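Notes for the structure review
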Amino acid sequence: MNLIAAVDRNWAIGLNNKLLVQIPADMKFFRETTTGNVVVMGRKTLESFPNGRPLPNRVNIVLTQDPSYRVKDAVIVHSLDELHEELRNYPSEDIYVIGGESIYRQLVDECDVAHITKINYTYEADAWFPNLDEKPEWQITADSEEQTYFDLEYYFYKYEKR
């Protein structure tokens, strides 16, 4: 399984259920990487999308504790056991965990690859991604040249579990 996220210097990912910043090249990378695949998210992440709708051209799986939660064009699961049962239907390499914080924390140890856009800035935040640089089992296996969006510097990194 894969993780995909954009993080700031402190591995922050969001504030008030919104991304910290929307960088067009990062959004394009996310779209191109996940299209045609399976995305796993929590309810709040889904609700942060335009009109709270699932992402097009992907299998959207939403993990929520709310037993009455329903969304058109999404698979809703209510426990990690239910999620694992559903994920058996797909090749592991086609599954992307896309957030938010609690979903990343619950699934990080089950993933083998992480696509991380690191933004060289510190934002005010209330949600964080697990800091892979502090986890000895994760190593950077690919990185990009410095990218810029206006005055923001950022890099694309690929982490893999040893």
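Before reading on, note that the structure itself is shown above.
Residues numbered from 1 in each chain as written. Predicted model: local features only at pLDDT ≥ 70, side-chain atom pairs only at ≥ 80, totals over all residues. Heavy atoms only, no water.

**So, unusual backbone geometry**
G99 connects to G100 through a cis peptide bond whose omega is 0 degrees. Assignment of secondary structure puts G100 in the loop between β7 (95-99) and α4 (101-107). One non-glycine residue, N51, lies in positive phi territory at about 60 degrees. Along the chain, N51 falls in the loop between α2 (43-48) and β5 (59-63). Within the chain, F150 stands out as a residue other than glycine whose phi angle is a positive 55 degrees. Within the element layout of this structure, F150 appears in the loop between β11 (147-149) and β12 (152-161). (Helix = DSSP H or I, 4+ residues; strand = E, 2+ residues; numbered from the N terminus.)

**Description of helix α1 (residues 24-34)**
All of the buried residues in α1 are D26, T33 and T34. End-on, the buried residues of α1 take up no more than an arc of 85 degrees, which puts them together on one face. Buried residues belonging to α1 abut β1 (2-7), β4 (38-42), β7, β8 (113-119) and β12. Once α1 ends, the next one or two residues include G36, with phi positive near 85 degrees. (Buried < 20%, exposed > 50% of the residue type's maximum accessible area, 1.4 Å probe, protein only. Arc of directions from axis to C-beta. Contact = heavy atoms within 4.5 Å.)

**Digging into the sheet that holds strand β2 (residues 12-15)**
Paired through backbone hydrogen bonds, the strands of a sheet run either parallel or antiparallel to each other. The strand order across the open sheet built from three strands is β3-β2-β9, with neighbouring strands paired in antiparallel fashion. Every interior strand has two partners, whereas the edge strands, β3 (18-19) and β9 (127-128), have only one. When β2 meets β9, the two strands line up antiparallel, connected through two bridges. What sits directly across from A12, in β9, is W128. (Pairing = 2+ DSSP bridges.)

**Side note on the environment of A114**
Its place among the elements puts A114 in strand β8. Looking at A114, the relative accessible area reads 0%, which means it is buried. For the pair formed by A114 and R9, sequence separation is 105 residues and the distance between their alpha carbons is 16 Å. Ignoring any residue separated from it by four or fewer positions in sequence, one finds A114 in contact with L3, L132, W138, Y157, K158 and Y159.

**Topic: the pairing of β8**
Most of β8 sits out of view: seven of its seven residues are buried. Of the two faces of β8, the one holding V113, H115, T117 and I119 and the one holding A114, I116 and K118 are both buried throughout. Inspection of the sheet shows β1 paired to β8 by six bridges, in the parallel sense. Counterpart to L3 in the pairing with β8 is A114. Of the pairings in the sheet, the one linking β8 to β12 comprises seven bridges and is antiparallel in character. Its bridge partner lying in β12, V113 is registered against E160.

**Thoughts on the nonpolar core**
The biggest cluster of nonpolar side chains holds 28 residues, and the ones touching the most others in it are L3, V40, I116, F129 and L132. Of all the secondary structure elements, the ones that give two or more residues to this core are β1, β4, β5, α3 (80-87), β7, α4, β8 and β12. With residues near it in sequence (within four places) discarded, I116 still touches A5, V7, W11, F129, L132, Y155, F156, Y157 and Y159. (Core = buried A, V, L, I, M, F, W, Y, C linked by side-chain atoms within 4.5 Å.)

**Re the pairing of β5**
Most of β5 is tucked away, with four of its five residues classed as buried. The pairing of β4 with β5 spans five bridges and is classified as parallel. Bridge pairing in β5 links G42 to L63. Examined bridge by bridge, β5 and strand β6 (residues 75-77) share three bridges and lie parallel to one another.

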